[in-house]
Amino acid sequence: MKSMLSIKDLRASIEDKEILKGITLEVNEGEVHAIMGPNGSGKSTLASLVAGKELADVTGGSITYLGKNLFDLNPEERSKAGIFLGFQYPIEIPGVTMVNFLKAALNEHRKHKGLEPLSAKDFLKLLREKKDLVEIDSKLTNRSVNAGFSGGEKKKNEIFQMAMLEPKLAILDETDSGLDIDALKIVANGVNKLKRKDNATIVITHYQRLLDYIIPDYVHVLFDGRIVKSGGKELALELEKKGYEWIKNQVNGN
Amino acid sequence: MKKEQDKILSEVTGTDYKYGFYTEIDTDTFPPGLNEDVVRAISAKKNEPEFMLEFRLKAYRHWLKMKMPDWAHLKIPEINFQDISYYSAPKSQKGPESLDDVDPELKKTFDKLGISLDEQKRLTGVAVDAVIDSVSVKTTFQETLAEHGIIFCSMSEAIMEHPDLIKKYMGSVVPYTDNYFASLNSAIFSDGSFCYLPKGVKAPMELSTYFRINAANTGQFERTLIIAEEGSYVSYLEGCTAPMRDENQLHAAVVEIIVEKDAYVKYSTVQNWYPGDMNGKGGIFNFVTKRGICRGERSKISWTQVETGSAITWKYPSCILKGNNSVGEFNSVAVTNNYQQADTGTKMIHIGKNTKSTIISKGISAGFSNNSYRGLVKVVKNAENARNFSQCDSLLLGDKCGAHTFPYIEVDNANSIVEHEATTSKIGEDQIFYCNQRGISTEDAIGLIVNGYAKEVLNKLPMEFAVEAQKLLQISLEGSVG
Ligand SMILES: Nc1ncnc2c1ncn2[C@@H]1O[C@H](COP(=O)(O)OP(=O)(O)OP(=O)(O)O)[C@@H](O)[C@H]1O
Ligand SMILES: [Mg+2]
């Protein structure tokens, strides 16, 4: 099995406070990983570091993506190399329509692959196809990026963008929170449809519910900047039942 | 985060000003200095009739009694008017002539600027009056326009050929006493464009003036006069560029527009004078008085400007809405980067009944620049049912630049409605990162955001201008992220 993402003993601080305290995580092609953990444990920090946001200072360790040192790539290069981050809090960009935004993004990705920009006709066709996949309201693509979108619409919009860009590695940071049950199914369904043998998904979530629809191969518990427990999908069920207190006690008990 | 911001800001890559070249041409240039003899010499150079010289001298004597205005939110270095040359013309050029007589070097210069003086070569029908330094070198499509009864020529030619129109209209909207720079211009203006649309004539193509400063140590002082008789229409474009130089150069222009009943003049500017370098050295001082009068019923003036150049911009294209039901519009995008300063806006003076004005101003500031909107909406007592809507938005890139809004509202009529809305926003790092994460580079992200922000105004520009303006916005902001 081919390694997609290899994180080794990653340490990172924000304003001299250590947030990630030695994370090690191996993700291979074709796998789905779930990361769970209490608020403030460092899940989003980890995701944003993989995407290249210079929020936390890396103080140690490494991230290798498809055999390359990820720190050598800037955020847009990482995107074009196939890394997609579904934001926990998607950003509003007033004045820039979804259509223009996606056209710019998609054509950058195509240029990177040595392809010509899509014609307006083909672009619109693709747009329609992917819109259907995530059952997103048609009008949303004519509006400014995320501006005035409802919480759920923003989350759906992340999956829609993911569908447009067809990433190799998708990291979905709490894409399920704020979704009603129908939307949750649609989002999960979208993720599953985009799944291939040669891509991988990391879902960050608080709810085992999502994992009924997106079946993970591995579940990791991130606690205070460390992955303190890893297991199969049953770990999510156990967590749901016993809560994080159980993990906390186990960690402290060791 | 501060660190990151500073890093990106300091990456400001000296804006790519592609019009910064200089053309080596033989010129007939006055030595620096300003006095009555210089005023007389300019008039003599142009063989002007006596009335024109009198106008100039009155203006000059008035100017001597005036002081530089200091009310704008600008830091203007002292200008020594004796250090400037007030006339510089390509030697080969005695005035607009047939294309064969235009100096090939000049032709090349305008080709390089994307302005073809060769009517055959122009794909799109835009008539151009090409002004270099102090003189107009060529006006294209004159014959075609003349067939419709439209007069389109250089100001020098108009003074010689149409003295009655000049006598009647020059100074009628911007009197020679109007303000410091308008008075200076009235005394020493050297050329410019003239356009007359007879009753009922709609110009069959866009008309334009392209201003180019080439010579060093000279100022450019041109005048434009547009007269639209009843029921006529013209879309007028103005573009300008200058070489990159370490010294500041002065540009003080006057534009007057007279619009009669049911006529419409649409005036669009893409101002791209050399803005100076990234440390604020050099650049054009751009002090311009633009004003139009809607004299007749249902007449309309619309000003659209994209201001990206100049070290200092001081400019308030205005409308006097005298005719009942007349309409004034001001649409502006002003970009400042590095150490540029802009104080720009408009005046809408409502005199007629049911007059309507709309102001849309989009300021974009980056680097260490300062960008101010200054606007006056005045409704006089008898202007029943006047309406104004103003929208003034500021967009900031980085935290070292400034955006300011100075709206003045004077309403003396109780049945009138004046609305003013203002917003200030910032291009955030989060927005940039969001774009980056989707594969869009920082420069392109800024381009997308800025063009989206300015869309409302850019859409008002004629097609080819809109495309050029879009590119210009992005180039002007190159390297400036916050
Ligand atoms: N910009 C910042 N400045 C200071 N501290 C920060 C910043 N961003 C994150 N942190 C801190 O880093 C820690 C980890 O935050 P992170 O967002 O990664 O948590 P999370 O596991 O995603 O939590 P949640 O489940 O609530 O989304 C928190 O203590 C948070 O307060
Ligand atoms: Mg989080």
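Residues numbered from 1 in each chain as written. Chains lettered and ligands numbered in written order. Predicted model: local features only at pLDDT ≥ 70, side-chain atom pairs only at ≥ 80, totals over all residues. Heavy atoms only, no water.

What to know about the confidence of the model for chain B
Residues and elements named next belong to chain B. Averaged over all residues, the pLDDT of chain B equals 86, while 88% of them reach at least 70. Of all the helices and strands in chain B, helix α1 (residues 2-10) carries the lowest mean pLDDT, 39, while strand β15 (residues 318-321) carries the highest, 98. Contacts from residues 1-15, a stretch scored under 50 in pLDDT, to residues over four places away or in other chains number 32 contacts. (pLDDT = per-residue confidence, 0-100. Helix = DSSP H or I, 4+ residues; strand = E, 2+ residues; numbered from the N terminus. Contact = heavy atoms within 4.5 Å.)

What to know about the site of ligand 1
Residues and elements named next belong to chain A. Lining the immediate surroundings of ligand 1 are 15 residues, of which Gly40, Lys43, Ser44, Thr45 and His206 lie closest. At 2.7 Å, a side-chain N or O of Lys43 approaches an oxygen atom of ligand 1. Thr45 places a polar side-chain atom, nitrogen or oxygen, 2.5 Å from an oxygen atom of ligand 1. Protein contacts shield 65% of the accessible area of ligand 1, which totals 640 Å² for the unbound molecule. Elements supplying a minimum of two residues to the shell around ligand 1: β2 (17-28) and α1 (43-51). (Near = heavy atom within 4 Å. Polar contact = N/O pair within 3.5 Å; in protein donor to acceptor, adjacent residues only side chain to side chain. Areas by Shrake-Rupley, 256 points an atom, 1.4 Å probe, with all protein chains shown as cover.)

Regarding the pattern of salt bridges
All names here are of chain A. Across all of its chains, the model carries 30 salt bridges over all chains by this definition. Residue Lys111 is joined to Glu108 by a salt bridge in which the shortest nitrogen-to-oxygen separation is 3.7 Å. Residue Lys111 and its partner Glu108 are both found in helix α3 (residues 98-112); the two are separated by three residues, about one turn of the helix. Residue class for Glu108 comes out buried when judged on its relative accessible area of 14%. For Glu166, the salt bridge identified is with Lys130, shortest N-O distance 3.1 Å. Highlighted residues: Glu166 in the loop between α5 (151-165) and β9 (169-173) and Lys130 in helix α4 (residues 120-134), separated in sequence by 36 residues. (Salt bridge = Lys/Arg side-chain N within 4 Å of Asp/Glu carboxyl O. Buried < 20%, exposed > 50% of the residue type's maximum accessible area, 1.4 Å probe, protein only.)

So, the side chain of Gln305 of chain B
Residues and elements named next belong to chain B. Summarising the element assignment, Gln305 is placed in strand β13 (residues 300-307). Owing to a relative accessible area of 1%, Gln305 belongs among the buried residues under this scheme. Here Lys315 takes part through its side chain, which lies 3.1 Å from a polar atom of the side chain of Gln305. A polar atom in the side chain of Gln305 sits 3.1 Å from the side chain of Thr344. Once you skip the residues sitting within four places of it in the chain, Gln305 turns out to touch Thr269, Lys315, Pro317, Phe330, Asn331, Ser332, Val333, Thr344 and Val457.

Notes on the coordination of the magnesium ion (ligand 2)
Residues and elements named next belong to chain A. Each protein donor to the magnesium ion (ligand 2) is listed here as Ser44 (OG) and Gln88 (OE1); together their distances run 2.0 to 2.1 Å. Here the residue Ser44 occupies a position in helix α1, and Gln88 occupies one in the loop between β6 (83-86) and β7 (93-97), the gap between them amounting to 44 residues. Given a relative accessible area of 28%, Ser44 falls into the partly exposed group. (Donors = N, O, S within 2.8 Å, 3.2 Å for Na, K, Ca; no water.)

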